[in-house]
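# Architecture at a glance
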2 protein chains.
Amino acid sequence: MTPKPKALIFDLMGTCTNWHPSIQTALSSTPSLAHLPTETHSRLASSWREGFFREIHRRFEAGLGTESIDVTHRRVLDQVLDREGLGGVVEEEERGKLVNAWHFQGSWPDSISAISRLKKKYMVVVLANGTTRLQLDLIQSSGLPFHALFSSQLLGLTKPDPAMYRKALELLQVEPQEAVMVAAHAYDLRAAKGVGMGTVYIYRNTEDLDEDMEVVRREVDVFLDGEGPLGQLAELFCGDSE
Amino acid sequence: MTPKPKALIFDLMGTCTNWHPSIQTALSSTPSLAHLPTETHSRLASSWREGFFREIHRRFEAGLGTESIDVTHRRVLDQVLDREGLGGVVEEEERGKLVNAWHFQGSWPDSISAISRLKKKYMVVVLANGTTRLQLDLIQSSGLPFHALFSSQLLGLTKPDPAMYRKALELLQVEPQEAVMVAAHAYDLRAAKGVGMGTVYIYRNTEDLDEDMEVVRREVDVFLDGEGPLGQLAELFCGDSE
């Protein structure tokens, strides 16, 4: 990986924000689900997230176009509830509120200070699937201070389509080797590597539950899995200049 | 204008940044122009900016597509230098550096604190002509903390095309009456008003030199021309909530 990148391109949800407590709280606050044990709320949240990624991969492999993340989240929620025998229990209005809960998340403890530090030296932008409104709501609720936000909706493309990474590089006016993709998802970094970008893997305990981390570690340029991996990233990229 | 907007949409250059000292300094630092008096550097900077706006209007009226701001700046620079009899004096490399100087500007003294305050309560984004890289360079050099940046390049449209304002509203998922355009350019606010948005005029002594301010004052919802007009805007939109 280049020692002097110009741009750091971040995945947002899961990498910079911690979605699990937000979604678990939204599920436990849903009147028709409130009686379930905490473990069930936590498991439903994880199944919902896994189902979302399955949908993203399925749609990409089938060559289907970009879809609003709210629509995908709603379809997967319906599937998860049906599978758990809760399909008849949860009202239409409750489902709408649950889908909207994905728009409001806190950041991981290391995210804000790391992004604030990195943005002084590099162009620091988001490249993520989803709508621009989702990204704006996440940025506002989490307080993450990126320079700019590139969404699937804005670019008309969905990760891991290589065209989406190339479009971001074109907008930033940088060569692939001048950019680094930062994500907690191996599939995202594999695609970024495919177009020639540097790759930094951020280990988060909510993400990539089905990946073998020893394999991922060998695939990426930098693998960060200690406490505060984004803080480690800031130290690595800014440590000698402050 | 709605008393409860959800989004504030800002013009960037001239409204939030103070381009004149940057460009004047770039001209006075150009070896082949360094011998000219300060007044000439200042006048060349103003002529360059005026010529840029003439080009924007000419291209819009002729139905021409979006053009990189660097290309427009370069064409106008050539015209300005020729008109001043300096065409043979300024080297190719110097012209390139001058065009690039537009990417690095300081903010007006009231801009950063106002945007920081407004973004806690509203979606606060840039909608401006130019490339995304120009906007990123301006954001980084000025330190302005917007949530997101929408450029002509990104949306494939140029202000004052009404389609550009509508595209921004669609991305923000707000109705026209839930959004306010904030600019130091009357032509920009006339177009925003045309699609149903609220309008706030920010008076800056470098902008709209050919407009009759009494006419502009009657056209817009809010006209701010005291000291620190963006500070006044923040007070107006956040004053009762802090």
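Since this is a predicted model, take the numbers as computed values, not measurements.

### With respect to the domain arrangement of chain A
Residues and elements named next belong to chain A. Considered domain by domain, chain A is made up of domain 1 (7–16 + 108–238) and domain 2 (19–101). Each of domain 1 and domain 2 was reduced to a C-alpha centroid, and the two centroids are 24 Å apart. Both faces combined, the contact of domain 1 with domain 2 buries some 1,200 Å², and carbon together with sulfur accounts for 70% of it. Inspection of the domain 1/domain 2 interface yields 1 salt bridge. A salt bridge links Glu207 to Arg49, with the nearest nitrogen and oxygen atoms 3.0 Å apart. Taken together, the residues of the side of domain 1 that touches domain 2 break down into 7 nonpolar, 10 polar and 3 charged.

### As for the pairing of strand E7 (residues 198–202) of chain A
Regular strands have side chains that alternate between both faces of the sheet. Residues and elements named next belong to chain A. Most of E7 is tucked away, with 5 of its 5 residues classed as buried. In the sheet, strand E6 (residues 179–183) pairs with E7 via 4 bridges, with the strands oriented parallel. Looking at E7, one finds that Val180 is bridged to Gly198. For the crossover from E6 across helix H9 (residues 186–194) to E7, the handedness is right-handed.

### Structural notes on the environment of Leu77 of chain A
Residue and element names in this part refer to chain A. Inspection of the secondary structure assignment puts Leu77 in helix H3 (residues 69–83). Leu77 gets classed as buried once you look at its relative accessible area, which sits at 2%. Linking Leu77 and Gly231, residues 154 residues apart in sequence, is a C-alpha distance of 33 Å. Beyond its immediate sequence surroundings of up to four residues, Leu77 is in contact with Trp48, Arg95, Leu98 and Val99.

### Quick look at the relation of the copies chain B and chain A
If you rotate chain B by 180° and push it 0.0 Å along the axis, it lands on chain A with an RMSD of 0.0 Å. Look at the turn and shift together and you get a two-fold axis relating the two. Ranked by how close their C-alpha atoms come to the rotation axis, the residues of chain B are headed by Ala148 of chain B, at 2.4 Å. In this assembly the copies share their binding face: 100% of the residues contributing to the interface of chain B also contribute to that of chain A.

### Some remarks on the packing of helix H5 (residues 111–118) of chain A against helix H11 (residues 229–238) of chain A
Residues and elements named next belong to chain A. H11 packs onto H5 with a crossing angle of 20° between their chain directions and a minimal axis gap of 8 Å. Put simply, H5 runs roughly parallel to H11. H11 is crossed by H5, and the crossing has left-handed handedness. On H11, the residues that touch Ser111, Ala114, Arg117 and Leu118 of H5 are Leu230, Gly231, Leu233, Ala234, Glu235, Phe237 and Cys238. Its residues placed into classes, the contact of H5 with H11 shows 7 nonpolar, 2 polar and 2 charged.

### A short note on the packing of aromatic side chains
Following the criterion strictly, the structure yields 14 aromatic pairs over all chains and no others. Centre to centre, the rings of Tyr201 of chain A and Phe223 of chain A are 5.2 Å apart; their planes meet at 10°, and the pair counts as stacked. You can see Tyr201 of chain A sitting in strand E7 and its partner Phe223 of chain A sitting in strand E8 (residues 222–224), a full 22 residues away along the chain. Summarising the burial analysis for this pair, Tyr201 of chain A and Phe223 of chain A share the class buried. With a centroid separation of 5.5 Å and 35° between ring planes, the pair formed by Trp19 of chain B and Trp102 of chain B is classed as tilted. Within this pair, whereas Trp19 of chain B is found in helix H1 (residues 19–28), its partner Trp102 of chain B is found in the loop between helix H4 (92–101) and strand E3 (106–107), the two being separated by 83 residues in sequence. In this pair, the class of Trp19 of chain B matches that of Trp102 of chain B, namely buried. A network of ring pairs unites the aromatic residues Trp19, Trp48 and Trp102 of chain A as a single cluster.

### Some points on the sheet that holds E7 of chain A
Residue and element names in this part refer to chain A. Taken in spatial order, the 6 strands line up as E5-E4-E1-E6-E7-E8 in an open sheet, and their pairing is parallel. At either margin of the open sheet sits one strand with a lone partner, and together these are strand E5 (148–151) and E8. Pairwise comparison of adjacent strand axes, ignoring direction, gives a mean angle of 20° for this sheet. One ladder, built from 4 bridges, connects strand E1 (residues 7–10) with E6; its direction is parallel. Paired with Phe10 across the two strands is Val182, which belongs to E6. Sitting on the sheet, helix H6 (residues 132–142) touches strand E4 (123–128) and E5, and the angle it makes with E5 is about 145°.

The rules we used
- Residues numbered from 1 in each chain as written.
- Chains lettered and ligands numbered in written order.
- Predicted model: local features only at pLDDT ≥ 70, side-chain atom pairs only at ≥ 80, totals over all residues.
- Heavy atoms only, no water.
- Domains from an automatic or database assignment.
- Buried area = accessible area lost by both parts, 1.4 Å probe.
- Salt bridge = Lys/Arg side-chain N within 4 Å of Asp/Glu carboxyl O.
- Nonpolar A, V, L, I, M, F, W, Y, C, P; charged D, E, K, R; others polar.
- Buried < 20%, exposed > 50% of the residue type's maximum accessible area, 1.4 Å probe, protein only.
- Helix = DSSP H or I, 4+ residues; strand = E, 2+ residues; numbered from the N terminus.
- Pairing = 2+ DSSP bridges.
- Right-handed = clockwise from strand over helix to strand, strands pointing away.
- Contact = heavy atoms within 4.5 Å.
- Least-squares fit on C-alpha atoms with pLDDT ≥ 70 in both.
- Axes fitted to C-alpha atoms, helices over the stretch in contact; angles between N-to-C directions.
- Parallel < 35°, antiparallel > 145°, perpendicular 65-115°, else oblique.
- Left-handed = near helix turned anticlockwise from the far one by under 90°.
- Phe/Tyr/Trp six-rings, centres within 6.5 Å; stacked < 30°, edge-to-face > 60°.

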